[in-house]
Amino acid sequence: MQNLVLKDMQGNVYTSEDLKGKVVVVNFWFTKCVPCIKEIPDLNALKKEFGTDQVLYFAITYDNKDLINEFVKKHPIDFTIIPEDKNSINQFLVGFYPTNFILDQDGKVS
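Everything quoted here is computed from the prediction, not taken from an experiment.

It is worth spelling out the sheet that holds strand β5 (residues 80-82) at this point. With mixed pairing, the 4 strands of this open sheet are ordered in space as β5-β4-β3-β6. Pairing within the sheet leaves two strands with one partner each, and these edge strands are β5 and β6 (99-103). Across the sheet, the mean angle separating the axes of adjacent strands is 20° when strand polarity is ignored. Bridging between strand β4 (residues 55-60) and β5 involves 3 bridges; their strand directions are parallel. Each bridged residue has a counterpart across the sheet, and for F58 the counterpart in β5 is T80.

Right, dumping it as structure tokens:
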């Protein structure tokens, strides 16, 4: 994916260039989405199974940080959370939730 810019909860920025050479799992979700909540344990298990050596994991939402901070107290997400990111949601043409993509080492959706 070209021109991808992700800013996490701590202000760290990840660009398409940073992600090259890695497989990237991208999850689109929001805090009031019941199916999104139900899949969190499976997403956390996926990360545990495949590790972080060659794979990066991002959970992208349009929700704000305060809402997310409260939410993760009950539903911990072991992905790097990207808050308030309508740009990426639009870039990936997300029309329903949850939506998941896997980007290959070249940034292509597979």
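Still more ground to cover, so stick around.
Another aspect to go through is the environment of K20. Residue position: K20 is located in the loop between α1 (16-19) and β3 (23-28). Accessibility expressed as a relative area gives 46% for K20, which makes it partly exposed. Note: C-alpha distance between K20 and Q105 (85 residues apart in sequence) is 5.6 Å.

Quick notes on the rules
- Residues numbered from 1 in each chain as written.
- Predicted model: local features only at pLDDT ≥ 70, side-chain atom pairs only at ≥ 80, totals over all residues.
- Heavy atoms only, no water.
- Pairing = 2+ DSSP bridges.
- Helix = DSSP H or I, 4+ residues; strand = E, 2+ residues; numbered from the N terminus.
- Axes fitted to C-alpha atoms, helices over the stretch in contact; angles between N-to-C directions.
- Buried < 20%, exposed > 50% of the residue type's maximum accessible area, 1.4 Å probe, protein only.

From the geometry alone we can't say anything about function, so treat these as descriptive.
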